[in-house]
Amino acid sequence: MSKSLSYSSITKKIVLSLAGLFLISFLVVHLLINMLILFDDNRELFNAAAHFMATNPLIQVFQYVLFFGFILHIVLGLIIQIQNWLARPVRYNRKGYSELSYFSKFMIHTGAIIFIFLIIHFANFFVIAKFGHIDPITYDSGNTYEDLGLLIIKLFEDGIYVIFYVISILLLGFHLDHGFQSAFQSLGINHSRYTPFIKTFGTLFSAVITLGFISIPLVIYFF
Amino acid sequence: MDLTLKIWRQPSTDEKGKFVDYQVQDISADASFLEMLDVLNEQLVVNDEDPVAFDHDCREGICGACSLYINGRPHGPDKGITTCQMHMRRFKDGETIVIEPWRAKPFPVIKDLMVDRTAFDEIIRAGGYISVGTGGMPDANAIPIPKRDADIAMDAASCIGCGACVAACKNASAMLFVAAKVSQFAMLPQGKVEARERVQNMVSKMDELGFGNCSNTYACEAECPKEISVSHIARMNREFFSSKLISEKEK
């Protein structure tokens, strides 16, 4: 058996949780930067932020940490899921319905779709920004940035792409709703007073993240 | 009341099983679920058929022998009780009841509805005990234990090891069982001595036997006949984490 399979179940869950929480912190930064595109018509704020993210040396180093976080979370999630399937070779005739956290049943499914979204998302933005050419734009302030904002606006004028984007983000929200509180439990954080708070906060947080990301393509498409 | 029973029949571990429908008539609403199965078995014996094998012992809800996955729920539709404590008044006249054995790789079916739960004994053998010197009776109050800690340990110790947590879990994970056994000692001074080895050995035995991982769905807590809290799972995660991360130099 490979080394990754021989780690204990709890170790895997703890690492999965830490990677998940790290990815959540990334989502917050990502959303805040994305929201900038809605604030001015000439996309100066957004392009300036995108320029900073693409050139700051610290962010460049952190990019690799982020990649590592994604790979860790995806690979561990897959290993855990395969082990879970193997633990019950004969299924029940009547499906159980006593799960209290509904979306927990679909973590692998929502995860898989988010993964596909991630690949397309990468091809659309990251690869072009990193290796392709984006026309620069010079603002009245005298600053010149690559106009990444225009690329986004053009993509979000395609209705099919908007639908795909919105559905993927909704599934991400469901993934987060279970994942957020589950991460704390896996890390051993459970308290009669704070756990209900963590659960409520996680749900609200997932809703805010989801609505935030969804609002951008909808605003661009309809207005 | 008259009922249709859809029961899993499997002659032995290695043979294939299938669902067989049975009819039972004039069952008293005050009969327990197991008494209803007794009536069915009487009927089968009279007709020279093989009676349905199912586990049971005390029939008082404390031994952990009875199992049965009834209509998609371990120990049937009621909360906080075992199968033997459930009564037929919970069902409607003419209802079809689907009865399945616990399904998990480490719990192979022995016959029909009976599964082999030796895997739980192996986990206990890996660390679910404390080592004490034999000799004279120690004074009852020699080691003071806060009431709160004693209560939590007692709640964890109420686990009867029936396996409903494994049966309910979508991953067939034994985390609630192992967590209860780790917790009951972790809360008490007598258990602290071997705490580090205990949690590591019990978790590694649990993994080795092929139980699934915990997805924190909390189906186990919902179906546990002793209503053991998933906060014990969090405690075990903490115990495990600190035992791995914070320890004296190993030999």
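How each quantity is defined
Residues numbered from 1 in each chain as written. Chains lettered and ligands numbered in written order. Predicted model: local features only at pLDDT ≥ 70, side-chain atom pairs only at ≥ 80, totals over all residues. Heavy atoms only, no water. Contact = heavy atoms within 4.5 Å. Buried area = accessible area lost by both parts, 1.4 Å probe. Polar contact = N/O pair within 3.5 Å; in protein donor to acceptor, adjacent residues only side chain to side chain. Helix = DSSP H or I, 4+ residues; strand = E, 2+ residues; numbered from the N terminus. Nonpolar A, V, L, I, M, F, W, Y, C, P; charged D, E, K, R; others polar. Salt bridge = Lys/Arg side-chain N within 4 Å of Asp/Glu carboxyl O. Buried < 20%, exposed > 50% of the residue type's maximum accessible area, 1.4 Å probe, protein only. Expected span 1.5 Å × (residues − 1). Arc of directions from axis to C-beta. Domains from an automatic or database assignment.

Student: Could you give me a rundown of the interface of chain B and chain A, with the residues and numbers involved?
Tutor: On the side of chain A, 37 residues touch chain B, which itself brings 48 residues to the contact. Here chain B meets chain A over a buried area of about 3400 Å², counting both sides, of which 52% is carbon and sulfur. Counting every contact that joins chain B to chain A gives 23 residue pairs in polar contact (both at pLDDT 80 or more). Residue assignment for the side of chain B that touches chain A shows that the elements contributing at least two residues are β5 (96–100), α4 (164–168), α7 (195–208), α8 (219–223) and α9 (231–245) of chain B. Its residues placed into classes, the side of chain B that touches chain A shows 26 nonpolar, twelve polar and ten charged.

Student: For the side chain of B:Arg198, give the residues involved together with the corresponding values.
Tutor: Tracing the chain through its elements places B:Arg198 in helix α7. Discounting residues that sit within four places of it in the chain, B:Arg198 has contacts with B:Gly127, B:Tyr129, B:Ile130, B:Phe185 and B:Gly191.

Student: Quick one: what's the story with the pattern of salt bridges, residue by residue and with numbers?
Tutor: All names here are of chain B. Following the criterion strictly, the structure yields 14 salt bridges over all chains and no others. When the shortest N-O distance is used, the salt bridge between Asp112 and Arg9 registers 3.1 Å. Placement of the pair is Asp112 in the loop between β6 (109–111) and β7 (114–115) and Arg9 in strand β1 (residues 3–9), with a sequence separation of 103 residues. Accessibility expressed as a relative area gives 2% for Asp112, which makes it buried. For Arg9, a relative accessible area of 12% gives the class buried. Of the charged contacts, one joins Arg198 and Glu194 as a salt bridge, the two residues approaching to 4.0 Å between their closest N and O atoms.

Student: Please set out helix α1 (residues 33–46) of chain B residue by residue, giving values where relevant.
Tutor: Residue and element names in this part refer to chain B. Counted at 1.5 Å a residue, the expected span for α1 with its 14 residues is 20 Å, and the 20 Å between its end C-alpha atoms agrees. Of all the residues in α1, the buried ones are Phe33, Leu34, Met36, Leu37, Leu40, Asn41 and Leu44. The arc that holds every buried residue of α1, seen down its axis, measures 150°, which confines them to one face. Exposed and oriented more than 90 degrees from the buried face of α1 are Glu42 and Val46. Summarising the contacts, the buried residues of α1 are in contact with β1, β2 (18–24), β3 (69–70) and β5. Directly beyond the C-terminal end of α1, a positive phi value near 65° is found at Asp48.

Student: So, the domain arrangement of chain B: which residues are in play, and what are the values?
Tutor: All names here are of chain B. According to the domain assignment, chain B consists of domain 1 (3–110) and domain 2 (118–245). On a C-alpha basis, the centres of domain 1 and domain 2 stand 29 Å from each other. In this assembly, 20 residues from domain 1 lie in contact with 21 residues from domain 2. At the boundary of domain 1 with domain 2, total buried surface from both sides reaches about 1500 Å², with 58% on carbon and sulfur atoms. When residues of domain 1 are sorted by the area they lose upon contact with domain 2, Pro74, Pro106 and Phe107 head the list and together hold 33% of the total.

Student: Describe unusual backbone geometry, listing the residues and the values that go with them.
Tutor: All names here are of chain B. Backbone geometry places Ala172, a non-glycine residue, at a positive phi of 50°. Structurally, Ala172 can be placed in the loop between α4 and α5 (175–186). According to the relative accessible area criterion, Ala172 is buried, its value standing at 0%. Look at Asn216: it is not a glycine, yet its phi comes out positive at around 55°. Mapped onto the elements, Asn216 comes out in the loop between α7 and α8.

Student: Tell me about the environment of B:Met36, and please be specific about residues and values.
Tutor: All names here are of chain B. Of note, Met36 is situated in helix α1. Of the residues examined, Met36 reaches a relative accessible area of 0% and is grouped as buried. Expressed as a C-alpha distance, the spacing of Met36 and Ala150, which sit 114 residues apart in the sequence, is 39 Å. Sequence-distant contacts of Met36, that is, excluding residues within four places in its chain, are made with Leu3, Leu5, Val24, Ile27 and Met88.

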